[in-house]
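Residue-level structure breakdown
Listed below are the residues making up each chain.
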Amino acid sequence: MEYTQERDRDFMNAYRREMRLAWAGEGPVESREVMRRAIEGGAPGFYIGFEYARRGVSARLRRRLRRRHREWMPAKRRIWEDLADRVESEMAGARGMLSLSEALARVLAEGNAPCFYIGPRTARRIVAKLRNVESGK
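Figured I'd write up the structure that's included with this text. This structure is a prediction, so every number in the text was calculated from the model and none was measured.

Here the focus is the overall build of the protein chain. Counting its regular elements, the protein chain contains 7 helices and 0 strands. Ordered by position from the N terminus, the helices and strands of the protein chain form the series α-α-α-α-α-α-α. A total of 137 residues make up the protein chain; the buried ones form 40% of that total. Here the analysis covers contacts within the protein chain between residues at least 6 apart in sequence; of these, 73% occur between residues at least 24 apart. When the accessible area of the protein chain is evaluated, it comes to approximately 8,600 Å², of which 50% is carbon and sulfur surface.

What follows is about the packing of aromatic side chains. Each aromatic ring pair is specified by the distance between its two centres and by the angle formed by the two planes. Taken as a whole, this structure holds 4 aromatic pairs when the rule is applied. Ring plane angle 85 degrees and centroid distance 5.4 Å describe the contact between Phe 11 and Phe 116, whose orientation is recorded as edge-to-face. In this pair, Phe 11 is assigned in helix H1 (residues 4–25) and Phe 116 in the loop between helix H6 (100–110) and helix H7 (120–135), connecting sequence segments 105 residues apart. The residues Phe 11 and Phe 116 share a single accessibility class, namely buried. Ring geometry for Tyr 47 and Phe 116: centres 6.1 Å apart, planes at 10 degrees, overall stacked. One end of the pair, Tyr 47, is in the loop between helix H2 (31–40) and helix H3 (50–61); the other, Phe 116, is in the loop between H6 and H7, with 69 residues separating them in the sequence. The exposure classification of Tyr 47 matches that of Phe 116, with both residues buried. Through a chain of ring-to-ring contacts, the aromatic side chains of Phe 11, Tyr 47 and Phe 116 assemble into a single cluster.

Let us look at the side chain of Arg 60. Structurally, the position occupied by Arg 60 is in helix H3. Engagement of the side chain of Arg 60 in a polar contact is seen with the side chain of Glu 81, the distance being 3.5 Å.

Let us now look at the pattern of salt bridges. The tally for this structure, following the rule as stated, stands at 10 salt bridges. A salt bridge links Arg 78 to Asp 82, with the nearest nitrogen and oxygen atoms 3.7 Å apart. Residue Arg 78 and its partner Asp 82 are located together in helix H5 (residues 74–93), separated by 4 residues, close to a single helical turn. Judged by its relative accessible area of 16%, Asp 82 falls in the buried class. Overlapping salt bridges bring together Arg 7, Asp 8 and Lys 129 as one network.

Every buried residue belonging to H2 is among Val 34, Met 35, Ala 38 and Ile 39, and all of these are buried. Each buried residue of H2 lies within a common arc of 135 degrees when the element is viewed along its axis, so the set occupies one face. Note on H2: the residue one or two positions beyond its end, Gly 42, has a positive phi of about 100 degrees.

Calculation rules
Residues numbered from 1 in each chain as written. Predicted model: local features only at pLDDT ≥ 70, side-chain atom pairs only at ≥ 80, totals over all residues. Heavy atoms only, no water. Helix = DSSP H or I, 4+ residues; strand = E, 2+ residues; numbered from the N terminus. Buried < 20%, exposed > 50% of the residue type's maximum accessible area, 1.4 Å probe, protein only. Contact = heavy atoms within 4.5 Å. Areas by Shrake-Rupley, 256 points an atom, 1.4 Å probe, with all protein chains shown as cover. Phe/Tyr/Trp six-rings, centres within 6.5 Å; stacked < 30°, edge-to-face > 60°. Polar contact = N/O pair within 3.5 Å; in protein donor to acceptor, adjacent residues only side chain to side chain. Salt bridge = Lys/Arg side-chain N within 4 Å of Asp/Glu carboxyl O. Arc of directions from axis to C-beta.

Now the structure itself:
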């Protein structure tokens, strides 16, 4: 993945923000719940390269993705669904004046993904790795 470091840094910032909110409001909350909130709370970007995104969105729009990639993780399926929905919306709003590539470029440049497309195991790995880096281990 091209944008792994950026995604990890942004996720850790979201995790810290959710941790502060949890402690300020409800008091102690399980780390697992804070991670879930950070994952689902939105992300500044999609953390995906244009060509890879174009292939995935094209496949999704042709309805091949569901048949061919059932074994993919839910987060992986969700990114294609979300990107395809936004691209379709962008194209519809332009009344046929945008190609798929142009609409996708706008969506990726806009950012604001509805979530981090990672699972709980990846979230735990990111938090542990960045905590170790911060503590000098």
